[in-house]
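What follows is each chain in one-letter form.
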Amino acid sequence: MEIRLWRELLIPYELAVKELVMKFNHLKKEHQEKDLYSPIEEVTGRVKSINSILEKMQRKNISWEELEEKVEDIAGVRIICQFYEDIEKVADLIRNRSDMQVLEIKDYVTHMKESGYRSYHMIIGYSTETLEGKKEIRAEIQIRTLAMNFWATIEHSLQYKYKGNMPPHLAERLTNAANSIIQLDTEMSSVRNEVMDAQNSMLHQSNLVADILNNIENLYHYSNKREVAKIQDEFYRIYKRKDLKQLERFHRELDIIAEGYQAQALNFKGIEGSWQR
Ligand code: 0O2
């Protein structure tokens with residue numbers, strides 16, 4: 001029998017998982033930087049263990065030649081959302097990307113598995129580039145809510161413990177819990193708009209504060225230190241009031257002051273330059 005070089009086989013998959021996790025985390029960050037609610041709450045990834053790959057090959061009667069085509073989740077990424085509605089938003093973000101092609105959808109959200117499992121799976125084609133050159137691989141992206149993830153994590157551990165022979169009383173409890181998860185997600189969806197508003201406003205304030213302090217720090221480097229200390233005191237005074245409108249006004253005014261100082265500094269540099277000539 002031919003020797004299987006598992007480490008070599010898994011290299012592009014390891015790379016793909018790292019790249020995909022980084023890209024989805026970046027999408028979350030982009031939303032936050034634009035004061036936008038992010039449908040992505042958390043991203044994790046893993047390369048399937050060799051044991052788990054072998055088990056799946058055996059269970060599904062997959063040959064070595066078919067391994068990379070038929071075990072579609074060697075590279076797996078999980079995207080957790082806060083709300084049910086976010087799942088479709090994330091799926092759209094993925095569909096609109098040019099660096100991954102959606103090959104297959106398994107919608108266990110609309111069509112819950114018999115076990116009670118709910119999650120939206122997208123099998124994608126993804127291109128990796130390693131020392132050996134370019135390689136097209138398949139990866140599985142699982143998209144689910146926090147509540148669905150809670151259920152799946154618990155059930156996965158029990159499946160592992162009972163190796164497919166779940167005692168009926170436990171299976172029943174899990175089915176009941178799965179129904180409660182549906183109810184919980186529906187209940188949470190009804191406050192989604194309020195939560196989105198609250199989170200947008202929190203993000204907006206946090207970006208404003210970061211921007212203001214950044215501006216103050218810049219001013220500190222090229223203007224009168226006493227003036228800057230006064231500006232900083234004023235900022236802390238306004239900050240304590242917890243009034244977003246005042247903070248926005250202060251931010252705009254500070255922008256104007258900073259522009260003024262910048263123009264002065266540039267003029268000064270211009271004069272310096274003409275002196276040196
Ligand atoms: P891992 O790495 O331990 O997560 P399957 O026949 O279900 O094994 P298939 O048909 O290739 O696999 O794809 P499917 O059904 O989309 O399942 C792929 C993955 O979805 C599984 O990976 C699980 O992560 C998850 N999943 C599917 N069904 C269930 C379920 O009933 N309960 C839980 N908790 N998770 C499920 P693996 O193979 O289990 O590997």
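Residues numbered from 1 in each chain as written. Predicted model: local features only at pLDDT ≥ 70, side-chain atom pairs only at ≥ 80, totals over all residues. Heavy atoms only, no water.

Digging into the layout of surface pockets
Taken as a whole, the largest pocket encloses approximately 1400 Å³ of empty space. Along the walls of the largest pocket sit 35 residues, with Lys48, Glu55, Lys56, Arg59 and His156 positioned nearest its centre. Those elements that provide at least two residues to the lining of the largest pocket are strand E1 (42–47), helix H2 (50–59), strand E2 (75–81), strand E5 (133–145) and helix H5 (146–162). Tallying contributions element by element places H5 first for the lining of the largest pocket, with six residues. Along the lines of polarity and charge, the residues of the lining of the largest pocket split into six nonpolar, 13 polar and 16 charged. (1 Å grid on protein atoms, 1.4 Å probe; cavity = no way out; pocket = protein on both sides within 12 Å on 5 of 7 lines; lining within 4 Å. Points joined across faces, edges and corners; volume = space filled by probe spheres on them. Helix = DSSP H or I, 4+ residues; strand = E, 2+ residues; numbered from the N terminus. Nonpolar A, V, L, I, M, F, W, Y, C, P; charged D, E, K, R; others polar.)

Some points on the packing of helix H7 (residues 192–222) against helix H8 (residues 225–241)
Orientation of H7 relative to H8, taken along the N-to-C sense of each, is 165°, at an axis distance of 9 Å. Comparing their axes, H8 and H7 come out roughly antiparallel. Judged by the sense of rotation from one axis to the other, the crossing of H7 with H8 is left-handed. Facing Gln205, Val209, Ile212, Leu213, Ile216, Leu219 and Tyr220 of H7, the residues of H8 in contact are Lys225, Val228, Ile231, Gln232, Phe235, Tyr236 and Tyr239. Considered class by class, the residues forming the contact of H7 with H8 number 11 nonpolar, two polar and one charged. (Axes fitted to C-alpha atoms, helices over the stretch in contact; angles between N-to-C directions. Parallel < 35°, antiparallel > 145°, perpendicular 65-115°, else oblique. Left-handed = near helix turned anticlockwise from the far one by under 90°. Contact = heavy atoms within 4.5 Å.)

Quick word on the site of the ligand
With respect to spatial proximity, 17 residues lie near the ligand, and among them Arg46, Lys48, Lys113, Ser115 and Glu155 are the closest. Contacts to the ligand include Lys113, whose side-chain N or O atom sits 2.8 Å from an oxygen atom. At 3.1 Å, a backbone N or O of Ala152 approaches a nitrogen atom of the ligand. When the ligand sits alone it has 710 Å² of accessible area, and the protein chains cover 80% of it. Placement of the ligand is best described as lying within the largest pocket. Counting only elements with at least two residues in the shell around the ligand, the list comes to H2, E5 and H5. (Near = heavy atom within 4 Å. Polar contact = N/O pair within 3.5 Å; in protein donor to acceptor, adjacent residues only side chain to side chain. Areas by Shrake-Rupley, 256 points an atom, 1.4 Å probe, with all protein chains shown as cover. Sits in = over half its atoms within 2 Å of the grid points.)

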